[in-house]
Structure formats: C-alpha cells, structure tokens
Amino acid sequence: MICPACRHENPEASKFCLGCGAGLALRCRHCEAELPAGSRFCNQCGGTQAEDPEAAADDSGPERSPQAYTPKHIADKILSQKSAMEGERKQVSVLFVDVKSSLDLQQDLDPEEWHGIMDRFFQIIADSIHRFEGTVNQYTGDGIMALFGAPIAHEDHAQRACYAAVHLSDALREYARELRRERSLDFSTRMGINSGEVVVGRIGDDLRMDYTAQGQSVGLAARMEALAEPGKTYLTAATASQVKGFFELEDLGEFKVKGIAEPVPVFELAGVGALRTRFDVSRSRGLTHFVGRTSEISLLESALEASKRGKGRAVGIVANAGVGKSRLCFEFTEHCRAAGVAVLQASGVAHGKNIPLLPILEIFRAYFGIEDRDDPQGAREKVAGRLLLIDEEFRAFLPLVFDFLGIPDPDLPAPVL
C-alpha cells in the first residue's frame, strides 16, 4: 500500500504509514472516496481499483490524485505543524485561479481529452504555487484556491502570492499558446489575490489538503478572480499595500463587489517591480543621515584595501534584527562605487529558498549585464562577448554557462524559470 502523503510503500494490512505516520485508509484512485478494504471498484464513481504498474510509474498521466501534486519537502513541513491547525487565526494571502468559460471549451472535446488538458493545467499551477511554498487548498473543477502563509507561516505571504501569480501567468501563457496551436482552443485564465485574516481548520493525517480556510478574506479573493479580465491578476488594496514597490501595480479604481457594502479598490498586477528587499523600500522613501559605525566602516575599508593588494577577503556581518546591517552594507557599497570599485550585488530573499544558488546566479547575471528584458539571443551575446574577451578557450564552456544561467537556445521555446 503506497502512502498518499510521502509515497512510502507499506504492507497491505497497514493502517498507518511507516514513513510519516499518516493514516492509510483505502481511497479511490479516481475520486478519492474512502472505500472498504479489498474493494475492487469504487461505490461512488465506479472506477476500478486495480493497480497498473506502468501507470503507477508514470505520474504525468491524468490518473494522478491531487495529493501527488504536493512535494515531499512541503508535505513534511505541513505535517510538522499540524498540531497548530485546529481553528487557528492566521494572516494569509489567498490566490484563486480559474479557467474562463471552461464549459464552452470542453463541449466539443472528449471528456478524457479535457481531463488531460486540465491535469496538465493543475500541474503547472501546483509547480508555481509550491515554488514559493504556498499550498493548494482546494481544487474547484476548473481552478484552484491556494494559501500563502498557512499552514506554513510566512511574513512575506503577500509577496509570495504575487510572485507565484507572475510566474504562473508566464507558464499559463505558454500553455495557452500550445493549446491554441495544437487544438485550436482559446484557453485563458484569470486570477485574484487578497490578503487578510482567516481561520484555518485542521489538516487530515492523510494530507488530503482538505482543511478549511474561512473568513471574508477568502470570499474577497474569489471576487477579485471573478472581476479579472482574461490573462490578468487583480489584487485588493490589502495585498497591494504589502507589495507596493516589489511589483508593478495599476490602480483600476473602485469596484462594487457583491457582498461588500462599500466599493472596493482594485489593482492589477502588471509585473515584478524594481525593489527586492525591505531596505530597498525604505531607501525609496528616503534615508536619514548616516552617523556612527566608525569602527565597522574601518574594518570594511581594511578588507577592501587588502583585496586591492591581491589578498581577497570575505566579511560576515552578524547582528540582531533591526540594528542596521543593511544600511551599513549600503553605505559601504556606495563608498566603493564612489571610489571606482565595481560592485556586484545579490540578495538572499526568503521566497528564493527553493531556487538553487539564487544569489550566485544573480551575481553572474549582474557581471554579464543580463537584464530581465533581454531576449535569449541578447543574453547569449553578452555572456559570450565577455568571456571570449577574457580568453578564447572559454568558447568550449559556453553551452555549460548558458545552461547554468538558465539562458535557453533562441531556436527553442523559452522555459519558464
């Protein structure tokens, strides 16, 4: 018996998983209904429960249950926090994603064909949500509801929800092009995000993601998704206030929303902004005069002088939160720039923990001068031009460098990174 939470193989008579302790009630392989032991068919949907080794080995087919979409590292975090999920109040961001006019799209398709299209759709959604440690709370037939900040708590839950939406928009845009090209389907989605307080219920031991999230914040996120134009993401003012500067937002004005007495300010998520950290936001509002820190600045300048003499230095700055580490680094880097020293900068943002070597990648991209607006060909020219000027022997390593930096072949469709 395979555990639906961690995929550990257990003896057939097991009631709980040997790997994670989750309950092992027999569930339908198709509709997830709980079944008596030894059932060969489901008494809810009629689906066969026979094991197909080839299908079990291939988790990309349409027979996957929603549990298979949850990565094990996120499942482990959720299970480790399950004791805190009984009626707990949490500040979260709620994301709704929905396929526009799904009934019209599927009326001319075979049900199995539509099922395959939606299975791929759900996989794309889950990958983007899990990338930023959100959790898919509900599958709604032609869409999903996802939570950021519960059950895994994050102080930057609004940013994570918006990053997931931006990443998801790019991936779904490419998927829509593929469906239009191969099946002549006008496949489009819309998204809505709201941030606020909800009450989350307890998750089941079998990790079915069937805990509840209740409160006006959930309903308002659903209203934003219903208001959104195809291909767009709409935010409430509560979310916009937390991500302003980190993302480009367009103020759409106030909308009358069903169930809300007063008109609701609505914003469109237009893309990623110029700011990356909370210090960047503070700096954009203006900094006070920098005073003190003489000894710290002196140590940093000593390390810089040693580096100029060919003795490289690495400096670690450690202190309690809020005492001015970011400001100290900013002042020193500005001093270096004023002295003509080249500065390459990267940030270890919380939502980037699941992206391997993210700060290193940022450093290299800054070194080569690669910007977000560069197309694959332009990015390749920047990398090749810089490396070949250093040494012609780097030519043999260019394919590896392109792959490491995530720069696709211009002749192939660009992957969503």
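Since the model is a prediction, treat every value here as computed from it, not as a measurement. (Residues numbered from 1 in each chain as written. Predicted model: local features only at pLDDT ≥ 70, side-chain atom pairs only at ≥ 80, totals over all residues. Heavy atoms only, no water.)

**Student:** Is there a simple way to explain the overall build of the protein chain in this structure?
**Tutor:** Across its full length, the protein chain carries 13 helices and 8 strands. The long-range share in the protein chain, meaning contacts at least 24 apart out of those at least 6 apart in sequence, stands at 60%. As presented, the protein chain carries roughly 23,200 Å² of accessible surface, and 52% of it is formed by carbon and sulfur atoms. (Helix = DSSP H or I, 4+ residues; strand = E, 2+ residues; numbered from the N terminus. Contact = heavy atoms within 4.5 Å. Areas by Shrake-Rupley, 256 points an atom, 1.4 Å probe, with all protein chains shown as cover.)

**Student:** Could you clarify how one ought to interpret the pairing of strand S3 (residues 143–148) in this entry?
**Tutor:** In summary, the side chains of a regular strand alternate between the two faces of the sheet. Counting buried residues in S3 gives 6 out of 6 residues, a clear majority hidden from the surface. Neither face of S3 is left uncovered, since the one carrying Gly143, Met145 and Leu147 and the one carrying Ile144, Ala146 and Phe148 both have all their residues buried. Here strand S1 (residues 88–99) runs beside S3; their pairing, made up of 6 bridges, is antiparallel. Considered in S3, the bridge of valine 94 is made with leucine 147. (Buried < 20%, exposed > 50% of the residue type's maximum accessible area, 1.4 Å probe, protein only. Pairing = 2+ DSSP bridges.)

**Student:** Would you take a moment to explain the pairing of strand S6 (residues 233–236) for this structure?
**Tutor:** Taking every second residue as pointing to the same face, both faces of S6 are buried, with Thr233 and Leu235 on one and Tyr234 and Thr236 on the other. Relative to S6, strand S4 (residues 189–200) runs parallel, the two being bridged by 3 bridges. The residue bridging glycine 192 from the neighbouring strand is tyrosine 234, located in S6. Here S6 runs beside strand S8 (residues 264–272); their pairing, made up of 3 bridges, is antiparallel. Opposite leucine 235, over in S8, you have phenylalanine 267 as the bridge partner.

**Student:** Would you mind showing me how to read the packing of helix H9 (residues 294–308) against helix H10 (residues 325–338) here?
**Tutor:** What describes two packed helices is the angle between their axes and the distance between those same axes. Following both chains from N to C, one finds H9 and H10 inclined at 45°, their axes separated by 11 Å at the closest point. Judged on the interaxial angle alone, H10 and H9 are oblique. Relative to H10, the crossing made by H9 is right-handed. Contacts from Glu296, Ile297, Leu300, Glu301 and Leu304 in H9 reach Leu328, Phe332, His335 and Cys336 in H10. When the residues that make up the contact of H9 with H10 are grouped by side-chain class, the tally is 6 nonpolar, 1 polar and 2 charged. (Axes fitted to C-alpha atoms, helices over the stretch in contact; angles between N-to-C directions. Parallel < 35°, antiparallel > 145°, perpendicular 65-115°, else oblique. Left-handed = near helix turned anticlockwise from the far one by under 90°. Nonpolar A, V, L, I, M, F, W, Y, C, P; charged D, E, K, R; others polar.)

**Student:** Explain helix H4 (residues 111–131) here, please?
**Tutor:** Counting along an α-helix, one turn takes 3.6 residues, and residues three or four places apart therefore face a common direction. An ideal rise of 1.5 Å per residue puts 30 Å on 21 residues; H4 measures up with 30 Å between its terminal C-alpha atoms. Burial in H4 covers these residues: Trp114, Ile117, Met118, Asp119, Phe121, Phe122, Ile124, Ile125, Ala126, Ser128, Ile129 and His130. Sitting at the amino-terminal end of H4 is aspartate 110, which places a side-chain oxygen 2.9 Å from the backbone nitrogen of glutamate 112. Just beyond H4, the residue with positive phi is glutamate 133, at close to 60°. (Expected span 1.5 Å × (residues − 1). Polar contact = N/O pair within 3.5 Å; in protein donor to acceptor, adjacent residues only side chain to side chain.)

**Student:** Please explain a negative patch on the surface as it appears in this structure.
**Tutor:** Taken together, the side chains of Glu250, Asp251, Glu254 and Glu262 define an acidic patch exposed on the protein surface. Among the secondary structure elements, aspartate 251 is positioned in strand S7 (residues 247–255). (Patch = residues over 30% accessible without salt bridge, like charges linked within 9 Å, V, L, I, M, F, W, Y side chains within 5 Å. Salt bridge = Lys/Arg side-chain N within 4 Å of Asp/Glu carboxyl O. Lys, Arg positive; Asp, Glu negative; His and termini not counted. Charge placed at Lys NZ, Arg CZ, Asp CG, Glu CD.)

**Student:** For this particular structure, what's the right way to read the packing of aromatic side chains?
**Tutor:** Aromatic rings in a pair are described by how distant their centres are and how their planes are angled relative to each other. Per the counting criterion, the structure on display carries 8 aromatic pairs. Measuring from centroid to centroid gives 5.1 Å for phenylalanine 122 and tyrosine 139, while their planes differ by 85°, and the two rings are edge-to-face. Placement of the pair is phenylalanine 122 in helix H4 and tyrosine 139 in strand S2 (residues 135–139), with a sequence separation of 17 residues. Tyrosine 139 gets classed as partly exposed once you look at its relative accessible area, which sits at 27%. Ring geometry for phenylalanine 364 and phenylalanine 404: centres 6.0 Å apart, planes at 90°, overall edge-to-face. Highlighted residues: phenylalanine 364 in helix H11 (residues 358–368) and phenylalanine 404 in helix H13 (residues 398–404), separated in sequence by 40 residues. Aromatic rings pair up to connect Phe121, Phe122, Tyr139, Tyr175 and Phe187 into one cluster. Over the ring of tyrosine 367 we find arginine 386, and its NZ or CZ is 4.0 Å from the ring centre. (Phe/Tyr/Trp six-rings, centres within 6.5 Å; stacked < 30°, edge-to-face > 60°. Lys NZ or Arg CZ within 6 Å of the ring centre and 35° of its normal.)

**Student:** Looking at this structure, how should I read the side chain of histidine 157?
**Tutor:** Along the chain, the position of histidine 157 falls in helix H5 (residues 157–183). Separated by 2.8 Å, the side chains of histidine 157 and serine 93 make a polar contact. Each residue touching histidine 157, except ones within four places of it in the same chain, is listed here: Gln91, Val92, Ser93, Phe148, Gly149, Ser195 and Gln242.

**Student:** Quick question: what am I supposed to make of the nonpolar core here?
**Tutor:** Nonpolar side chains in soluble globular proteins tend to end up buried together. In this structure, Val97, Phe121 and Phe187 are the most contacted members of the largest nonpolar core, which totals 43 residues. Within the residue set of this core, elements represented by two or more residues are S1, H4, S3, H5, S4, helix H7 (237–243) and S8. A per-element tally of this core places H5 first, with 12 residues. When near neighbours in sequence (up to four residues on either side) are disregarded, phenylalanine 121 contacts Val97, Val99, Asp142, Gly143, Leu172, Tyr175, Phe187 and Thr189. Of all hydrophobic cores here, the second largest spans 12 residues; its members include Phe368, Ala379, Leu398 and Ile407. (Core = buried A, V, L, I, M, F, W, Y, C linked by side-chain atoms within 4.5 Å.)

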